[in-house]
Protein chains: 2
Amino acid sequence: MIIDRLYNNVKNKGPVCAGLDTQLGFLPGYLVEKSWTPGEKIFEFNRRIIDEIKEEVGCFKVQIACYEALGLDGMQAFAKTVAYARNAGCVVISDVKRGDIASTAKQYAQGHFTGDFETDIITVNAYMGEDAISPYYEYLNEREKGLFVLVKTSNPSGVDFQDRNVDGMTLYERMAEKVSAWGEGFIGESGFSSIGAVAGCTYPEEFERVRALMPHTFFLIPGYGAQGGTGEDVARFFKDGICGVVNSSRGLICAFKSKTEGKDYVKYVFDAVTAMKEDIAKSM
Amino acid sequence: MIIDRLYNNVKNKGPVCAGLDTQLGFLPGYLVEKSWTPGEKIFEFNRRIIDEIKEEVGCFKVQIACYEALGLDGMQAFAKTVAYARNAGCVVISDVKRGDIASTAKQYAQGHFTGDFETDIITVNAYMGEDAISPYYEYLNEREKGLFVLVKTSNPSGVDFQDRNVDGMTLYERMAEKVSAWGEGFIGESGFSSIGAVAGCTYPEEFERVRALMPHTFFLIPGYGAQGGTGEDVARFFKDGICGVVNSSRGLICAFKSKTEGKDYVKYVFDAVTAMKEDIAKSM
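For the structure given in this document, a descriptive report is provided here. Not measured: the values here are computed from a predicted model. (Residues numbered from 1 in each chain as written. Chains lettered and ligands numbered in written order. Predicted model: local features only at pLDDT ≥ 70, side-chain atom pairs only at ≥ 80, totals over all residues. Heavy atoms only, no water.)

**Section: the pattern of salt bridges**
Working step 1: Here the structure, examined in full by the defined rule, presents 50 salt bridges over all chains.
Working step 2: The salt bridge involving Asp 95 of chain B is made with Lys 61 of chain B; its shortest N-O contact spans 2.7 Å. Of this pair, Asp 95 of chain B sits in strand β3 (residues 92-98) while Lys 61 of chain B sits in strand β2 (residues 59-63); the two residues are 34 residues apart in sequence, bridging distant segments of the chain.
Working step 3: For Asp 95 of chain B, a relative accessible area of 4% corresponds to the buried category.
Working step 4: Within the structure, one salt-bridge network assembled from shared partners comprises Asp 21, Lys 61, Asp 95 and Lys 97 of chain A together with Asp 100 of chain B. (Salt bridge = Lys/Arg side-chain N within 4 Å of Asp/Glu carboxyl O. Helix = DSSP H or I, 4+ residues; strand = E, 2+ residues; numbered from the N terminus. Buried < 20%, exposed > 50% of the residue type's maximum accessible area, 1.4 Å probe, protein only.)

**Overview of unusual backbone geometry**
Working step 1: Positive phi values are uncommon outside glycine, yet Lys 97 of chain A reaches one of about 45°.
Working step 2: Along the chain, Lys 97 of chain A falls in strand β3 (residues 92-98).
Working step 3: Residue Lys 97 of chain A is classed as buried on the basis of its relative accessible area, which comes to 9%.
Working step 4: Even without being a glycine, Asp 167 of chain B presents a positive backbone phi close to 50°.
Working step 5: Along the chain, Asp 167 of chain B turns up in the loop between β6 (165-166) and β7 (169-170).
Working step 6: The exposure class of Asp 167 of chain B is partly exposed, given its relative accessible area of 46%.

**Concerning the packing of helix α9 (residues 171-183) of chain A against helix α10 (residues 204-213) of chain A**
All names here are of chain A.
Working step 1: Viewed as axis vectors pointing N to C, α9 and α10 meet at an angle of 30°, and their least axial separation amounts to 9 Å. When the interaxial angle is binned, α9 and α10 end up roughly parallel. As for how α9 packs across α10, the hand of that crossing is right-handed. Between α9 and α10, the contacting residues are Tyr 172, Glu 173, Ala 176, Glu 177 and Ser 180 on the first element and Glu 206, Arg 209, Val 210 and Leu 213 on the second.
Working step 2: Broken down by class, the residue content of the contact of α9 with α10 amounts to four nonpolar, one polar and four charged. (Axes fitted to C-alpha atoms, helices over the stretch in contact; angles between N-to-C directions. Parallel < 35°, antiparallel > 145°, perpendicular 65-115°, else oblique. Left-handed = near helix turned anticlockwise from the far one by under 90°. Contact = heavy atoms within 4.5 Å. Nonpolar A, V, L, I, M, F, W, Y, C, P; charged D, E, K, R; others polar.)

**Here we look at the relation of the copies chain B and chain A**
Working step 1: Mapping chain B onto chain A leaves a residual RMSD of 0.0 Å; the transformation is a rotation of 180° accompanied by 0.0 Å of translation along its axis. Such a combination of rotation and displacement between the chain copies is what one expects of a two-fold axis. Judged by C-alpha distance, Val 166 of chain B is the residue of chain B that lies nearest the rotation axis, at 2.4 Å.
Working step 2: Most of the interface of chain B is mirrored in chain A: 100% of its interface residues are interface residues there too. (Least-squares fit on C-alpha atoms with pLDDT ≥ 70 in both.)

Encoded structure:
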């Protein structure tokens, strides 16, 4: 199952998820100057990063919003980026946060688990309840796909709803209970389910409460670096063993900024990945 | 503002939102047989429907999942469908239910309010709080765009979270309060805000509670027909005046099924729109 592949990657290569949330403004000068389409430039930027760091990261996360922003040309760059990383043997999470139900969710499943945009794992939003999750079930076993469901997000206004009290527990804890229950049928050899959860690392105490409710859940953990999460926070999450992968996007793929405008940008990205791994390891 | 255009359309042409949630399996035989790409067939199917019913409906809703399902070819059909309907003078809602924050939401705004996929209104999911809504604000006034935020959905498992008790009110009522507050700054001449809400019509009592919390909110109302909502339900919502647009997708665009495999399919779609308008009107 995909969750076992991801778990093994994290064990062997470390818990870094490299976020390819690539925007045009991020590109080094030598790429900006090319007479290519924006999507072609972005794909080239990603391709060289994937080649450089694929042995150092547990997985890649590709934020589809950055590609939708550029229309059809951007969607082509999205498709090519996901396919390139998967063909290189990497696990890829498409960060699409789709949230729709029944036959509509089946269309999203078809779109992201087959065809041009085929990926390994997608992020999803369950505000609409299990109807927004169950249409993906058939893909989890049969095609070895996975989900990460939003539980506790790392942004300031996450509290607007997620922290509200729902019959003695926060909404995100209610969400955690449900996601854990939905995942019961999809637990792999690693002991984790192919239905994982997104839980931010800017709120460590909350993460611990969530984890206690979800013993078989693997986490996609945003919020490291730019959003305030530290290696110490991550080490705390992993004190009973590795239970997730930690995303960093700009902290990695923009690490070359103000240092180079040339092809050697990938060296700085590589070094940033190494530094992030050391930051986490030194606290563990 | 876009909400005034939509309100006037509904007043003049009736409250039907025609959902172009087009799937390959919906197409009449004469289109299936064409030697075109799937996306080209779907666009042709939509194009003829738009031409046929554009004077009869308040707006069109295009469900992006059905197009993402077909990869890049599908995304091209999506772009062409939205552009065609807008160029024909129609108001178009892209049903994308995107839900992400800050700079990521800005990317979605760029993607759906400019460029290849430019539309008038998008549906959004606010589980992540106001950070998932505020990045769109600049587009509401400056570019006359609009949002419909998910409040109460019409699917059975909508109750999983939306109906939970949050400090004495349901979660969907809490969502209603917030959406109403966010919309205060964007109220047009019609008295409605360009930040609207999605509230299903399979639960009429609930709709009334929601409406009471959101006096300036225009509604996108799913659930009519296939999902159990009736003309009587809709008439009840509109007893104090028109306050929304009622979506039907398959009930309209599949109305020709088992009747024809030819180009005259649009006649049946037209008749289904007329029947829906009459069903609502007779109860008002």
